[in-house]
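The lines below spell out each chain.
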Amino acid sequence: MRPEGGAPEKLRELRDEVKRNIDYRSFYLRYCPEARQNGARLQSLCPIPSHAHSGKGHPSLSIDLQQGLFNCFSREEGGDAITFYELMHGVSFARAVKELARELGLEGRRGRRPSLASASAPDSAEAEAENFAPLDSEQTAEVCSRFLEVCRVEEQLEGSAYLARRGVNAATARRAGVTYFPRRAYRRVMRRMLEGFSVETLRRAGLFNRKEHLTFYHHRLLFPFFVGGRPLYLQARTTAAGVEPRWHNMRGHVPALYNADSLQALASGSVVYLVEGFTDTLTLLANGFAAVGLVGAGGLKPEWLAPLGRFRVVAALDPDAAGRRAAARYRELFAARGLRLAVVELPSDVNDFFRHHPAAGLELELLTEKALEEVDSSQ
Ligand SMILES: [Zn+2]
């Protein structure tokens, strides 16, 4: 008998809401961080405790990311994400639904009191634009610095663990100014920000909403963008499974390539990688390479290229159609400024490559050498 067969109506509704809101990829990856993605499927060693797999041999767990269904063909057991949660945590259907709903911030929507999750929801773009001019860069830097300071004194453990699972060590994260705060510190962080700034300033920065709550509730792993040593912008990621959207940012525009500020200390002629996203950038930094990242929807702005002029820039984008298109476009942008861009293609994205290839650093160097030679000879 399906355990939820006799579940009360309310619980089934909540289950459906969980399913509407969950992001299957991040949900399953939390339990199977080493899973390989193949189209819309994940393939992984099966972590279900009661299956007591040896941890060796073929990955027996197959996950359909579209339907959110898993199947362990070694034990012939499968089901949906709720069942998976039940099996992983040894809890009942009811508890699985409730815990997942809480994680997704769904609980309390129908409750008597609005939850922090709903009070902290960011304002719509229209509401944001209504009355408030954005802050100038001086004020933005002040708010941003203070936010990072306030969060940095909180427990960093969950944030470090999240990054460590992706191969980014704590020292690298610290150097890049990545900062975390746990959800239990949410009210304290909010209070400390209010001690330093008026609500109006915080709203203009996009840190607070019209309910006068900090909007960084689900998204507490902060990636700052430094320009001239000052943080001028930040984007934040959720570390929980199934939260959509996964990113939230303060108001304003991405001011530079991610990590571009650190290039000032780098010798001219050095190799600098151009990658997509924070994780790939930090992965390269953690492995001793210099890298800058493109993040967000804004794309590459021509004015960001000038500071790259004195380096040998190598693009390492995802090995798919979109990555190839982007590489071709960036090459043109570079060429229009009289700059050259070498391109390497790895078998997977940078982070995945470094996690699965023991000699990744060496392989990257070899590919880079070849790509640079090609660029030089095509001059
Ligand atoms: Zn299994």
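None of the values given here were measured: they were computed from a predicted structure. (Residues numbered from 1 in each chain as written. Predicted model: local features only at pLDDT ≥ 70, side-chain atom pairs only at ≥ 80, totals over all residues. Heavy atoms only, no water.)

(A) Molecular detail of unusual backbone geometry. The phi dihedral of Ala52 is positive, around 45°, even though this residue is not glycine. Of note, Ala52 is situated in the loop between strand S2 (41–44) and strand S3 (61–64). The backbone of Asn259 sits at a positive phi, close to 75°, despite the residue not being glycine. Within the element layout of this structure, Asn259 appears in the loop between strand S9 (247–249) and strand S10 (271–276). With a relative accessible area of 17%, Asn259 lands in the buried category. (Helix = DSSP H or I, 4+ residues; strand = E, 2+ residues; numbered from the N terminus. Buried < 20%, exposed > 50% of the residue type's maximum accessible area, 1.4 Å probe, protein only.)

(B) Quick look at the coordination of the zinc ion. Taken together, the protein donors to the zinc ion comprise Cys46 (SG), His51 (ND1), His53 (NE2) and Cys72 (SG), at separations of 2.0 to 2.3 Å. Around the zinc ion, the four donor atoms sit at angles spanning 102 to 116°, and that spread fits a shape best called tetrahedral. Along the chain, the residues donating to the zinc ion fall in the pattern C-x4-H-x1-H-x18-C. One end of the pair, His53, is in the loop between S2 and S3; the other, Cys72, is in strand S4 (residues 69–72), and 19 residues separate them in sequence. (Donors = N, O, S within 2.8 Å, 3.2 Å for Na, K, Ca; no water. Tetrahedral: all angles 85-135°; square planar, octahedral: opposite > 155°, others 65-115°.)

(C) Region of the structure containing the side chain of Asp80. Take Asp80: it is sitting in the loop between strand S5 (77–79) and helix H3 (81–89). Overall, the relative accessible area of 7% leaves Asp80 in the buried class. Side chain to side chain, Asp80 and Lys19 meet in a polar contact 2.8 Å long. Apart from residues no more than four positions distant in its own chain, Asp80 is found in contact with Lys19, Tyr28, Gly68, Leu69 and Phe70. (Polar contact = N/O pair within 3.5 Å; in protein donor to acceptor, adjacent residues only side chain to side chain. Contact = heavy atoms within 4.5 Å.)

(D) Region of the structure containing the nonpolar core. Core analysis: the biggest nonpolar cluster contains 82 residues, and Phe147, Leu207, Leu214 and Phe216 have the highest contact counts within it. When neighbours within four sequence positions are excluded, Phe147 is seen to be in contact with Phe181, Val189, Met193, Leu207, Leu214, Phe216, Leu222 and Leu234. Formed by 33 residues, the second largest nonpolar core is a distinct cluster that contains Cys46, Leu65, Phe70 and Leu106. (Core = buried A, V, L, I, M, F, W, Y, C linked by side-chain atoms within 4.5 Å.)

(E) Quick look at the pattern of salt bridges. Taken as a whole, this structure holds 15 salt bridges when the rule is applied. Measuring nitrogen to oxygen at the nearest pair gives 3.4 Å for the salt bridge that ties Glu158 to Arg184. Residue Glu158 is found in helix H8 (residues 157–165), and its partner Arg184 is found in the loop between strand S6 (179–180) and helix H10 (186–196); the two are separated by 26 residues along the sequence. Each of Glu154, Arg188 and Arg192 takes part in one network of salt bridges that share partners. (Salt bridge = Lys/Arg side-chain N within 4 Å of Asp/Glu carboxyl O.)

(F) Focus on the sheet that holds S9. If you walk across this open sheet you meet the four strands as S6-S7-S8-S9, and the pairing is antiparallel. A strand with exactly one partner marks an edge of an open sheet, and here the two such strands are S6 and S9. This element, helix H7 (residues 137–152), spans S6, strand S7 (219–227) and strand S8 (230–238) of the sheet and lies at about 50° to S8. Along the sheet, H8 makes contact with S6, S7 and S8, crossing S7 at roughly 75°. (Pairing = 2+ DSSP bridges. Axes fitted to C-alpha atoms, helices over the stretch in contact; angles between N-to-C directions.)

(G) Quick look at the sheet that holds strand S12 (residues 312–316). Read across the open sheet, the four strands follow the order S11-S10-S12-S13; overall the sheet is parallel. The open sheet has two free edges, formed respectively by strand S11 (290–294) and strand S13 (341–344), since each of these has just one partner strand. Across the sheet, the mean angle separating the axes of adjacent strands is 30° when strand polarity is ignored. Inspection of the sheet shows S10 paired to S12 by four bridges, in the parallel sense. Bridge assignment links Tyr273 to a residue of S12, and that residue is Val314.

(H) Examining the packing of aromatic side chains more closely. With the rule as written, the count across this model stands at 19 aromatic pairs. Measuring from centroid to centroid gives 5.0 Å for Phe27 and Tyr28, while their planes differ by 75°, and the two rings are edge-to-face. Both residues of the pair, Phe27 and Tyr28, count as buried. In textbook terms, an aromatic cluster arises when at least three aromatic residues are bridged by ring pairs, as seen for Phe223, Phe225, Tyr233, Trp247, Tyr258 and Phe278. (Phe/Tyr/Trp six-rings, centres within 6.5 Å; stacked < 30°, edge-to-face > 60°.)

(I) Just empty space enclosed by the protein, in detail. All chains considered together, the criterion is met by two cavities of 30 Å³ or more. Looking at the largest cavity, its volume works out to about 40 Å³. As for the largest cavity, its lining consists of Tyr162, Leu163, Arg166, Val168, Phe223, Arg237, Trp247 and Thr279. Class assignment for the residues of the lining of the largest cavity results in five nonpolar, one polar and two charged. (1 Å grid on protein atoms, 1.4 Å probe; cavity = no way out; pocket = protein on both sides within 12 Å on 5 of 7 lines; lining within 4 Å. Points joined across faces, edges and corners; volume = space filled by probe spheres on them. Nonpolar A, V, L, I, M, F, W, Y, C, P; charged D, E, K, R; others polar.)

(J) Expanded view of the environment of Cys151. Structurally, Cys151 is set in helix H7. In this structure Cys151 comes out as buried when scored by relative accessible area, which is 0%. Between the C-alpha atoms of Cys151 and Leu221, which are 70 residues apart in sequence, the distance is 9.6 Å.

(K) Spotlight on the packing of H3 against helix H4 (residues 93–103). At a minimum axis separation of 9 Å, H3 and H4 run at an interaxial angle of 105°. The angle between H3 and H4 falls in the class roughly perpendicular. Contact with H3, carried on its side by Ile82, Tyr85 and Glu86, involves Phe93, Ala96, Val97, Glu99 and Leu100 of H4 and no other residues of that element. Class assignment for the residues of the contact of H3 with H4 results in six nonpolar, no polar and two charged. (Parallel < 35°, antiparallel > 145°, perpendicular 65-115°, else oblique.)

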